[in-house]
Amino acid sequence: ISTATSKRTTSKQRKESLEEYRQTFLTVPKLEDRKPVFISREVRDRIDKIVHRLGGRGRSVSGFIENLARHHLEIYQEVIDGWKKL
């Protein structure tokens, strides 16, 4: 029977992880043709806390959602294209 060893996350790893998260989701995207999108107040409030706690000044919920959607579409584009053929 093998025993699983728990790997501790170092402070350096957490800082690198936070920086990667900031680069992916908390950068200010360039929006040329904006459209409104509706989300629940609960989700809006949770995202607002994340953006202001981790992103600092000049960051917005709209920018976070734009980055989140772009990231999702980039990751799943091939899968989505495959589903179109069903």
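Let me begin by describing the structure that accompanies this report. All of these numbers come straight from a predicted model, not from anything done at the bench.

Looking only at helices and strands, one finds 3 helices and 0 strands in the chain. When the helices and strands of the chain are placed in sequence order, the string is α-α-α. Computed over the C-alpha atoms, the radius of gyration of the chain is 17 Å, more than 25% above the 12 Å expected from 2.2 N^0.38 for a compact globule of 86 residues. C-alpha atoms of the chain, sized along the principal axes, occupy 55 × 45 × 25 Å. By the burial criterion, 12% of the 86 residues in the chain qualify as buried. Summed over its atoms, the accessible surface of the chain is roughly 8,100 Å², and 51% of this surface lies on carbon and sulfur atoms. One way to put it: in the chain the 19 positive side-chain charges average out to a point 7 Å from where the 12 negative ones average out.

The subject of this paragraph is the packing of aromatic side chains. What describes a pair of aromatic rings is the distance from one ring centre to the other and the angle between the planes of the rings. Under the criterion given, the structure shown has 3 aromatic pairs. Plain terms: the ring middles of Tyr21 and Phe25 are 5.1 Å apart, the flat faces sit at 50 degrees to each other, and that makes the pair tilted. Of this pair, Tyr21 and Phe25 both sit in helix α1 (residues 11-25), 4 residues apart, which is roughly one turn of the helix. Judged by its relative accessible area of 28%, Tyr21 is partly exposed. With 5.9 Å between their ring centres and 45 degrees between their planes, Phe25 and Phe64 make a pair best called tilted. Residue Phe25 is located in helix α1, and its partner Phe64 is located in helix α3 (residues 61-84); the two are separated by 39 residues in the primary sequence. Across the pair, exposure class does not vary: Phe25 and Phe64 are buried alike. A connected cluster of aromatic rings, assembled from ring pairs, spans Tyr21, Phe25 and Phe64.

Looking now at the nonpolar core. Grouped burial of nonpolar side chains is what soluble globular proteins tend to show. Counting residues in hydrophobic clusters, the biggest one holds 6 residues: Phe25, Leu26, Ile47, Val51, Val61 and Phe64. Within the residue set of this core, elements represented by two or more residues are α2 (41-55) and α3. Non-local contacts of Val51, meaning those with residues more than four positions away in its chain, are made with Leu26, Gly56, Arg59, Ser60, Val61 and Phe64.

Definitions and cut-offs
Residues numbered from 1 in each chain as written. Predicted model: local features only at pLDDT ≥ 70, side-chain atom pairs only at ≥ 80, totals over all residues. Heavy atoms only, no water. Helix = DSSP H or I, 4+ residues; strand = E, 2+ residues; numbered from the N terminus. Rg over C-alpha atoms; globule rule 2.2 N^0.38 Å. Buried < 20%, exposed > 50% of the residue type's maximum accessible area, 1.4 Å probe, protein only. Areas by Shrake-Rupley, 256 points an atom, 1.4 Å probe, with all protein chains shown as cover. Lys, Arg positive; Asp, Glu negative; His and termini not counted. Charge placed at Lys NZ, Arg CZ, Asp CG, Glu CD. Phe/Tyr/Trp six-rings, centres within 6.5 Å; stacked < 30°, edge-to-face > 60°. Core = buried A, V, L, I, M, F, W, Y, C linked by side-chain atoms within 4.5 Å. Contact = heavy atoms within 4.5 Å.

The values are spatial; any link to function lies outside them.
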